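# Residue-level structural notes
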Amino acid sequence: MAQPSKSVSEKPVSETVGHSNHILIVDDEAPSRDLCRLFLETDGYQVETSDQAKKALALLSVKRFDLILSDLSMPDMDGIELVKQVKYHYPHTDVIIMTAFGSVASAVESMKAGAYDYITKPFPRDLLRATIRRCLENHNLKREISMMQNELFKKDRLAAVGSMAGAIAHRMRNPLSIIQMCAQYLEGQLNGNTEHLQVLQAIEEKVKTLEQLTRDFVEYSRASRIRKAPEQVEKLAEEVLKNCAPRCKIQGVEIYRRYQPNLPPIDVDADLIREVMTNIVDNGLEAMKGAGKIAIAVELDRSSPSLLLTVTNSGSVLSDDLQEKIFEPFFTTKETGMGLGLAIVRQVIEGHGGRIQAQGDAKTNSTTFRIQLPLATKP
């Protein structure tokens, strides 16, 4: 069992543990429950309470808690059984057991069940603070390590795909060109045989689809090779809008732009950033399936030292469950394509040291892509 240090630091808990940590207090005695809640809320934690262990499990099924502070003796389920249930169903949630009738046996049993620590009532506030601080520091560290491992795994996977992409595309291009030339040659020899022409046209159509896939592979491979130079992002945005204007006119889509005056140039790969914006605009036009609006804005981001680029399209709302999935390689909601377009977009933005997010807004029936690009190149 973890032992409290001999001298408890007076440093505020909020300076060592984030306010975002969510704690659940489970105790059938209202005075003890309310006092713990007062202590923890004073330290800036988000706190909820339950007077029964079964109610606590029901809360855990709909909310995430980082830590549970539970009494040992409760009428519906004791604290040790609660620990077992929590560690089985919610292994990333820690539990600290507290009791007015402490014993070595119950302490050992609690720790064997998976409790982080065990404290005896009545306990001084500083002991409670120190125990919770240690627990949450450990919890937050494990969470950060897990996030870093996931990010490294994702980058390794993307790098592996990128390294294969160029070679695959190169190998595919020559056979596809030969197939297309053969189909075109035969087409000229058929003398109007409608049935055979339809077969050859189907072959050519599929060849075009495969050629598009090879281009996607090439772009995905290229996205990892970034060549930066100082550029005005609003000028790049204007070039993209100019190029897509004919398609917008045909589709009945209005174009809006908003560029903050006197924006500084930033170090970017102009070709890749243009491709990023083109990809997002094209996705928006496809999602509209008709008339609508496209808006691009470039401005300084007040929340960080970065440039903020937003692209909004009307007529479609990205659901919450797709906000991350759309950037994953090979994920697509379309009937055709490999789902590399937005994966390339994220790879390019992250390669520039930036961030990209996508969010739908049901109120305005729109979806917005929000891109942050650093003002200065990270060392």
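Note that the structure is predicted; figures quoted are calculated from it, not measured. (Residues numbered from 1 in each chain as written. Predicted model: local features only at pLDDT ≥ 70, side-chain atom pairs only at ≥ 80, totals over all residues. Heavy atoms only, no water.)

### Quick notes on the sheet that holds strand β11 (residues 355-361)
Defined as follows: DSSP bridges decide pairing: two strands pair if at least two such bridges lie between them. Numbered from the N terminus, helices here are DSSP runs of H or I no shorter than four residues, and strands are runs of E no shorter than two. Helix axes are fitted only over the stretch in contact, all axes being lines through C-alpha atoms; the angle between N-to-C directions runs from 0 to 180 degrees. The contact definition used throughout considers only heavy atoms, calling two residues in contact when any of these lie within 4.5 Å.
Here five strands make up an open sheet; going across it, the order is β7-β9-β10-β12-β11 and the pairing mixed. Across the chains shown, the open sheet's two edge strands, defined by having one partner strand only, are β7 (253-259) and β11. Strand-to-strand twist in this sheet, taken as the mean axis angle between neighbours without regard to direction, amounts to 15 degrees. Both β7 and strand β9 (residues 292-301) contribute to a ladder of seven bridges, which runs parallel. In the sheet register, V253 faces β9, and the bridge partner there is G292. The strands touched by helix α7 (residues 233-251) are β7, β9 and β10 (306-314); relative to β7, the strand with the most contacts, the crossing angle is about 170 degrees.

### So, the environment of T312
Put simply, the rule reads: Each residue's exposure class comes from its accessible area (1.4 Å probe, protein chains only) as a fraction of the maximum for that residue type: buried when under 20%, exposed when over 50%, partly exposed otherwise. Any pair of nitrogen or oxygen atoms within 3.5 Å is treated as a polar contact; in protein, a donor-acceptor pairing is required on top of that, and neighbouring residues in sequence qualify only through side-chain atoms on both sides.
Of note, T312 is situated in strand β10. For T312, a relative accessible area of 22% puts it in the partly exposed group. Sequence separation between T312 and A297 is 15 residues; the distance between their C-alpha atoms is 8.7 Å. Discounting chain neighbours no more than four positions away, the residues touching T312 are K293, I294, A295, S366, T367 and T368. Within polar-contact distance, the side chain of T312 engages the side chain of T368 at 2.8 Å.

### Comments concerning the sheet that holds strand β1 (residues 22-26)
What the five strands build is an open sheet, ordered β2-β1-β3-β4-β5; its pairing is parallel. With one partner strand each, in any of the chains shown, β2 (46-50) and β5 (117-120) form the two edges of the open sheet. Between one strand axis and the next, the sheet turns by 20 degrees as a mean value, whatever way the strands run. Contacts from helix α1 (residues 30-42) reach β1, β2, β3 (67-71) and β4 (94-99), with the element oriented near 170 degrees to β2. Running at roughly 150 degrees to β5, helix α4 (residues 104-113) makes contact with β4 and β5 of the sheet.

### Considerations on the state of the cysteines
Inclusion rule: Only a pair of cysteine sulfur atoms within 2.5 Å qualifies as a disulfide here.
This model, assessed by the stated rule, comprises zero disulfides. As a non-bridged cysteine, C248 has C244 as the owner of its nearest cysteine sulfur, 3.9 Å distant. Residue classification places C248 among the buried residues on the basis of a relative accessible area of 1%.

### Describing the pairing of β1
Formally: By definition, the crossover connecting two strands over a helix is right-handed if that path, from the first strand to the second, turns clockwise as seen with the strands pointing away from the viewer.
Of all the five residues making up β1, five are buried; the element is thus mostly covered by neighbouring parts of the structure. Neither face of β1 is left uncovered, since the one carrying H22, L24 and V26 and the one carrying I23 and I25 both have all their residues buried. Note that β1 and β2 share five bridges and pair parallel. Residue pairing for β2: H22 is matched across the bridge by Q46. Note that the unit made of β1, α1 and β2 has a crossover that is right-handed. Of the strand pairs in this sheet, β1 and β3 are connected by four bridges, and their pairing is parallel. Residue I25 lies in a different strand from β3, and its bridge partner there is L69.

### Examining the packing of aromatic side chains
Quick note on the threshold: Between rings of Phe, Tyr and Trp, where Trp is taken as its six-membered ring, a pair exists when centres lie within 6.5 Å; planes separated by under 30 degrees are stacked, by over 60 edge-to-face, and by other angles tilted.
Using the criterion set out here, one finds one aromatic pair in the structure. Ring centres 6.2 Å apart and planes at 90 degrees place the aromatic pair F327 and F369 in the edge-to-face group. One end of the pair, F327, is in the loop between β10 and α9 (341-351); the other, F369, is in strand β12 (residues 366-374), and 42 residues separate them in sequence. A single burial state applies to F327 and to F369, both of which are buried.

### Quick look at the side chain of T131
Secondary-structure assignment places T131 in helix α5 (residues 125-189). When its relative accessible area of 1% is taken as the criterion, T131 is described as buried. Sequence-distant contacts of T131, that is, excluding residues within four places in its chain, are made with I96, Y116, D117 and I119.

### Considering the pattern of salt bridges
Under the convention used in this document: The salt bridge criterion pairs a side-chain nitrogen of Lys or Arg with a carboxyl oxygen of Asp or Glu, the two atoms within 4 Å.
Within the structure shown, the criterion is met by 19 salt bridges. Here R274 ties to D271 by a salt bridge, and the two come within 2.7 Å at their closest N and O atoms. In this pair, R274 and D271 are both assigned in helix α8 (residues 270-288), three residues apart and thus about one turn of the helix distant. Among the ionic pairs, D301 bridges to R370, the shortest N-O distance being 4.0 Å. Remark: R370 occurs in strand β12 and D301 occurs in strand β9; sequence separation between them is 69 residues.

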